[in-house]
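# Remarks on the overall topology
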Amino acid sequence: MPASSIRVLFAFENPLPSAEADAEVFLTTARYLAPALGGAALHVPVRPGQSDELSVSLAMPVIGAWAPLKPAILRHFACGATLVWRRAFRQAEIVYTRNLWVAWMAIHFGRFVVFDHYRPWPDQIPPLQPWLRRLMTHRRFLLNICHSQYTLEKYRALGVPEGKLVCIHNGFEPARMARPLPVGEAKRLLGIPPERKTVVYTGRVNRRKGLELVLQAARALPDLQFLFVGSYGDGPIEAEARDLPNVTIVPWQAEEALARYIHAADVLLIPPSSRPLLTFGSTVLPLKVFLYLAAGRPILAGNTPDLRDVLRDGENALLCPPDDVAALVDGLTRLTEDTALAARLVEGAREDSRSLTWAARAERIARVMAARLDDPVVTPPGGWTRREHADWRRRSLGWLRHVLRSGNPVLPPE
């Protein structure tokens with residue numbers, strides 16, 4: 001069946017509008033994917049009167065979910081529980097979601113499901129493993145779109161069939177980089193002397209992003225100006241940065257203003273810390289990577305399993321060992337002093353970015369989704385071995401101890 005004849009209901013469980021990365025990924029994918037389909041609609045919790053406005057901006061019908069906006073746990077439950085009673089659900093062949101509860105409800109009420117998410121849930125919440133395996137081996141579970149090979153491998157280890165797994169990276173909007181500013185001009189607009197070398201981080205400013213490591217590097221490199229763009233208030237990072245004259249904290253910026261900061265960078269930084277992936281699990285191959293690749297500025301990042309999906313040391317970025325301040329200082333020094341190295345990395349990044357747009361992502365999803373609908377993967381029956389059960393019990397007990405000790409429901413990888 002060609003994608004142009006498939007009717008899809010996109011189901012999103014968080015209120016709009018939203019500046020969160022999950023909303024950007026899901027809605028941008030839906031917006032680019034919808035024109036390739038035979039019909040598309042979005043089911044989402046909205047405030048009264050918002051549906052028409054969202055329908056215009058997304059170019060598809062928006063169905064307000066029968067769900068309260070707060071609390072979040074009740075909203076998520078209601079989105080899945082009431083979705084199956086909507087006319088749009090009955091008219092759709094595929095429910096496209098990032099929510100496991102919605103996926104379960106859709107399958108058990110007779111619809112095919114495409115699941116699109118970045119988290120490696122089998123590792124992060126081990127007690128879910130048997131349920132995840134049953135869900136994702138169901139005949140009507142068409143596809144698990146993983147945002148990184150790192151995440152895909154976790155589902156493969158769980159026993160999800162190869163034909164139900166695909167890694168399709170996120171993307172960027174070329175229009176956001178359509179009017180590049182020379183670095184000197186961008187610095188002038190921000191009040192930074194053109195000759196002063198700048199290191200720019202964009203994203204949430206908090207302890208989960210490994211910014212403590214960057215503050216240590218800033219102390220060792222007083223001649224570099226560090227800009228952290230994305231502050232929401234006066235948190236621990238902001239407080240620690242107050243005594244550092246070469247660190248500037250900038251509030252969260254809209255797209256046009258953010259591009260100015262990116263163009264003012266001599267180095268675009270993804271903090272080389274293992275904490276976002278291995279401690280908190282809330283960041284797996286961050287969305288900023290794809291925008292950075294197209295920005296025309298050299299990238300420095302950590303050599304972590306998720307980033308290696310897209311970034312290659314010495315080819316399109318400079319990767320340094322995570323959690324190593326000395327390596328970070330050395331990497332920043334090299335990139336701000338070695339113009340030939342910086343130029344080579346920029347060229348490699350630009351070349352790679354051409355295939356990493358949202359449009360390219362949607363095109364690939366449409367192709368794979370149509371192929372799976374024509375030929376769903378039917379999983380042969382089979383259970384876990386005794387060893388697999390023992391490993392699941394061991395890891396689940398470890399998860400419980402971790403939750404009781406830390407209050408964090410995400411288990412760090414072993």
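Let me begin by describing the structure that accompanies this report. Since we're looking at a predicted model, the values are computed, not measured. (Residues numbered from 1 in each chain as written. Predicted model: local features only at pLDDT ≥ 70, side-chain atom pairs only at ≥ 80, totals over all residues. Heavy atoms only, no water.)

### Thoughts on the overall build of the protein chain
Of the regular secondary structure elements, the protein chain holds 18 helices and 13 strands. Against the 2.2 N^0.38 benchmark of 22 Å for 414 residues, the protein chain shows a C-alpha radius of gyration of 22 Å, consistent with a compact globule. Every one of the 414 residues in the protein chain was classed for burial, and the buried ones make up 57%. Here the analysis covers contacts within the protein chain between residues at least 6 apart in sequence; of these, 67% occur between residues at least 24 apart. Taken together, the 51 basic and 41 acidic charged side chains of the protein chain have centroids lying 8 Å from each other. (Helix = DSSP H or I, 4+ residues; strand = E, 2+ residues; numbered from the N terminus. Rg over C-alpha atoms; globule rule 2.2 N^0.38 Å. Buried < 20%, exposed > 50% of the residue type's maximum accessible area, 1.4 Å probe, protein only. Contact = heavy atoms within 4.5 Å. Lys, Arg positive; Asp, Glu negative; His and termini not counted. Charge placed at Lys NZ, Arg CZ, Asp CG, Glu CD.)

### Some details on the nonpolar core
If you look at the biggest cluster of nonpolar residues, it comprises 37 residues, and the most contacted ones within it are Phe10, Leu33, Leu42, Ile94 and Tyr96. Broken down by secondary-structure element, the contributors of at least two residues to this core are β1 (7-11), α1 (21-33), β2 (39-44), α2 (50-58), β4 (94-97), β5 (112-117), β6 (141-146) and α17 (358-374). Looking at this core, the element that brings in the most residues is α17, giving seven residues. (Core = buried A, V, L, I, M, F, W, Y, C linked by side-chain atoms within 4.5 Å.)

### Description of the packing of aromatic side chains
Counted under the stated rule, the structure contains ten aromatic pairs. Centroid distance Trp85 to Phe109: 5.9 Å. Interplanar angle 70°. Geometry classified as edge-to-face. Of this pair, Trp85 sits in the loop between α3 (72-83) and α4 (87-91) while Phe109 sits in the loop between α5 (100-108) and β5, and the two are 24 residues apart along the sequence. Take Trp85: its relative accessible area is 55%, and that puts it in the exposed class. Seen from their ring centres, Tyr232 and Trp252 are 5.3 Å apart, and the 35° between their planes marks the pair as tilted. Of the two residues, Tyr232 sits in the loop between β9 (225-231) and α11 (236-241) while Trp252 sits in the loop between β10 (247-251) and α12 (255-263), which places them 20 residues apart along the sequence. Given a relative accessible area of 37%, Trp252 falls into the partly exposed group. Each residue in the set Phe10, Phe12, Phe26 and Tyr96 is aromatic and connected to the rest through ring pairs, giving one cluster. The ring of Phe89 has Arg111 lying over it, and the distance from NZ or CZ to the ring centre is 5.2 Å. The residue whose ring lies beneath Arg204 is Trp252, and the NZ or CZ to ring-centre distance is 5.9 Å. (Phe/Tyr/Trp six-rings, centres within 6.5 Å; stacked < 30°, edge-to-face > 60°. Lys NZ or Arg CZ within 6 Å of the ring centre and 35° of its normal.)

### Here's the deal with a nonpolar patch on the surface
Nonpolar side chains collect at one region of the surface, where Trp66, Trp85 and Phe109 lie side by side and expose about 390 Å² of accessible area between them. Its place among the elements puts Trp66 in the loop between β3 (62-64) and α3. (Patch = residues over 30% accessible without salt bridge, like charges linked within 9 Å, V, L, I, M, F, W, Y side chains within 5 Å. Areas by Shrake-Rupley, 256 points an atom, 1.4 Å probe, with all protein chains shown as cover. Salt bridge = Lys/Arg side-chain N within 4 Å of Asp/Glu carboxyl O.)

### Quick look at the sheet that holds strand β12 (residues 299-302)
One open sheet holds the six strands; their spatial order is β10-β9-β8-β11-β12-β13, and the pairing between them is parallel. If you trace the sheet from one side to the other, it starts and ends with β10 and β13 (318-320), each paired once. The sheet shows a mean angle of 25° between the axes of neighbouring strands, taken without regard to direction. When β12 meets β13, the two strands line up parallel, connected through three bridges. (Pairing = 2+ DSSP bridges. Axes fitted to C-alpha atoms, helices over the stretch in contact; angles between N-to-C directions.)

### Some points on α3
The end-to-end C-alpha distance of α3 is 16 Å, a good match for the 16 Å that twelve residues give at a rise of 1.5 Å each. The complete set of buried residues in α3 reads Arg75, Ala78, Cys79, Gly80, Ala81, Thr82 and Leu83. Close packing links the buried residues of α3 with β1, β2, α4, β4 and α5. (Expected span 1.5 Å × (residues − 1).)

### A few points about the pairing of β6
The buried fraction of β6 amounts to six of the six residues, a majority that puts the element mostly inside the structure. For the handedness criterion, the β-α-β arrangement of β6, helix α8 (residues 149-158) and strand β7 (residues 165-167) is classed as right-handed. (Right-handed = clockwise from strand over helix to strand, strands pointing away.)

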